[in-house]
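One letter stands for each residue in the lines below.
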Amino acid sequence: MKNIKKYWKRYNKKILVRLKQLKGTPYSIAAGFACGVAISFTPFIGFHLILAAITAWLIRGNIVSSALGTLIGNPWTFPFIWVAVLSTGNYVLGNGSIDNVNFLKIFEKAGEAVMTFKFKNFGHDAWPIIYPMMIGCIPYYIISWFVSYKLVNSAMNRLEQRRLKKQAQKGDKI
């Protein structure tokens, strides 16, 4: 358990170092990152980077930090995200729970339909899963956006204050 905590601490520190190196205000960096995190909860696999960049651009967030935010959605977290989003969507829509969903097959069918413009089988194969996921992702999108924005914005402001304090100390020494 200690190794896992160390790993996450190191991972978070690396992300903050990368965010600190970006040009922009704490708002733009935090808003961009939050857009990337929130988009990771949508079922639009393969379009996360594009959608994160568009939403960041719309709210004047940093587009590069939005790409970093999409790293929240990765092969280790996606299964948990998909199950949570699908369960929430089914609950909201009043559907029963769906057991043994093969997400890879669903996303493969959806991707195939989009790439080949053959939507005949999309409605039968993918839509019954994608639609509840689209509905179920909304609360996760909203909550993750605000939580990640708050965390990153406060961290960026602390880093900025620390930098200004060091700069003021150097000015006193001269």
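About the thresholds
- Residues numbered from 1 in each chain as written.
- Predicted model: local features only at pLDDT ≥ 70, side-chain atom pairs only at ≥ 80, totals over all residues.
- Heavy atoms only, no water.
- Helix = DSSP H or I, 4+ residues; strand = E, 2+ residues; numbered from the N terminus.
- Expected span 1.5 Å × (residues − 1).
- Buried < 20%, exposed > 50% of the residue type's maximum accessible area, 1.4 Å probe, protein only.
- Arc of directions from axis to C-beta.
- Axes fitted to C-alpha atoms, helices over the stretch in contact; angles between N-to-C directions.
- Parallel < 35°, antiparallel > 145°, perpendicular 65-115°, else oblique.
- Left-handed = near helix turned anticlockwise from the far one by under 90°.
- Contact = heavy atoms within 4.5 Å.
- Phe/Tyr/Trp six-rings, centres within 6.5 Å; stacked < 30°, edge-to-face > 60°.
- Core = buried A, V, L, I, M, F, W, Y, C linked by side-chain atoms within 4.5 Å.
- Polar contact = N/O pair within 3.5 Å; in protein donor to acceptor, adjacent residues only side chain to side chain.
- Disulfide = S-S within 2.5 Å.

Trainee: Before we go on, may I ask you to explain helix H6 (residues 103–116) in this structure?
Mentor: Side chains of residues three or four places apart in an α-helix project in the same direction, reflecting 3.6 residues per turn. The terminal C-alpha atoms of H6 lie 20 Å apart, and with 14 residues this matches the ideal 20 Å at 1.5 Å per residue to within 8%. Considered for burial, the residues of H6 that qualify are Phe103, Ile106, Phe107, Ala110 and Ala113. Taken down its axis, H6 places every buried residue within 125° of arc, on the same side. Residues of H6 that are exposed and angled more than 90 degrees away from the buried face: Leu104, Glu108 and Met115. Phi turns positive, to about 60°, at Phe117, one or two residues after H6.

Trainee: So what exactly am I meant to see when it comes to unusual backbone geometry here?
Mentor: Glycine aside, a negative phi is what most residues show, and trans is what most peptide bonds show. We note that Arg60 has phi near 65°; this positive angle belongs to a residue other than glycine. In this structure Arg60 comes out as exposed when scored by relative accessible area, which is 70%.

Trainee: Before we go on, may I ask you to explain the packing of helix H2 (residues 26–39) against helix H3 (residues 48–58) in this structure?
Mentor: Each pair of packed helices gets described by two things: the angle between the helix axes and the distance between those axes. At a minimum axis separation of 8 Å, H2 and H3 run at an interaxial angle of 140°. In terms of axis orientation, H2 runs oblique to H3. For the pair H2 and H3, the crossing hand works out as right-handed. Only His48, Leu51, Ala52, Thr55 and Ala56 of H3 make contact with H2, whose side of the interface consists of Gly32, Cys35, Gly36 and Ile39.

Trainee: So what exactly am I meant to see when it comes to H2 here?
Mentor: Relative to the 20 Å expected for 14 residues at 1.5 Å per residue, H2 spans 20 Å between its end C-alpha atoms, a close match to the ideal helical length. Most of H2 sits inside the fold, with 12 of its 14 residues counted as buried. Along H2, the residues classified as buried are Ser28, Ile29, Ala30, Ala31, Gly32, Phe33, Ala34, Cys35, Gly36, Val37, Ala38 and Ile39.

Trainee: Can you help me understand the packing of aromatic side chains in this one?
Mentor: The description of an aromatic ring pair uses the distance of the two centres, along with the angle that the planes make with each other. Overall, the coordinates contain six aromatic pairs when judged by the stated rule. Residues Tyr27 and Tyr149 carry aromatic rings whose centres are separated by 6.0 Å and whose planes lie at 65° to one another, so their mutual orientation is edge-to-face. Taken together, the residues Tyr27 in helix H2 and Tyr149 in helix H8 (residues 127–173) connect sequence positions 122 residues apart. Its relative accessible area of 35% is what places Tyr27 among the partly exposed residues. Residues Phe78 and Trp82 carry aromatic rings whose centres are separated by 5.3 Å and whose planes lie at 10° to one another, so their mutual orientation is stacked. Placement of both Phe78 and Trp82 in helix H5 (residues 78–93) is noted, with a separation of four residues, approximately one turn of the helix.

Trainee: Please clarify how the nonpolar core should be interpreted in this entry.
Mentor: In terms of nonpolar packing, the biggest core is built from 34 residues, with Leu19, Phe33, Trp82, Phe103, Met133 and Trp145 touching the most fellow members. Secondary structure elements with two or more residues in this core: helix H1 (2–21), H2, H5, H6 and H8. In contact with Trp145, other than residues within four places in its own chain, are Ala31, Ala34, Cys35, Ala38 and Ile59.

Trainee: Just checking my understanding: could you explain the environment of Thr42 for this structure?
Mentor: Topologically, Thr42 is positioned in the loop between H2 and H3. Exposure remark for Thr42: the relative accessible area of 6% places this residue in the buried category. Here Thr42 is in contact with His48, Cys137 and Tyr141, once residues within four sequence places are set aside. Within the structure, the side chain of Thr42 is placed 2.7 Å from the backbone oxygen of Ile39, a separation counted as a polar contact.

Trainee: Looking at this structure, how should I read the state of the cysteines?
Mentor: Any covalent bond linking the sulfur atoms of two cysteines counts as a disulfide. This structure, assessed with the given rule, holds zero disulfides. We note that Cys35 lacks a disulfide partner, and the nearest cysteine sulfur, in Cys137, lies 14 Å from it. For Cys137, a relative accessible area of 5% translates into the label buried.

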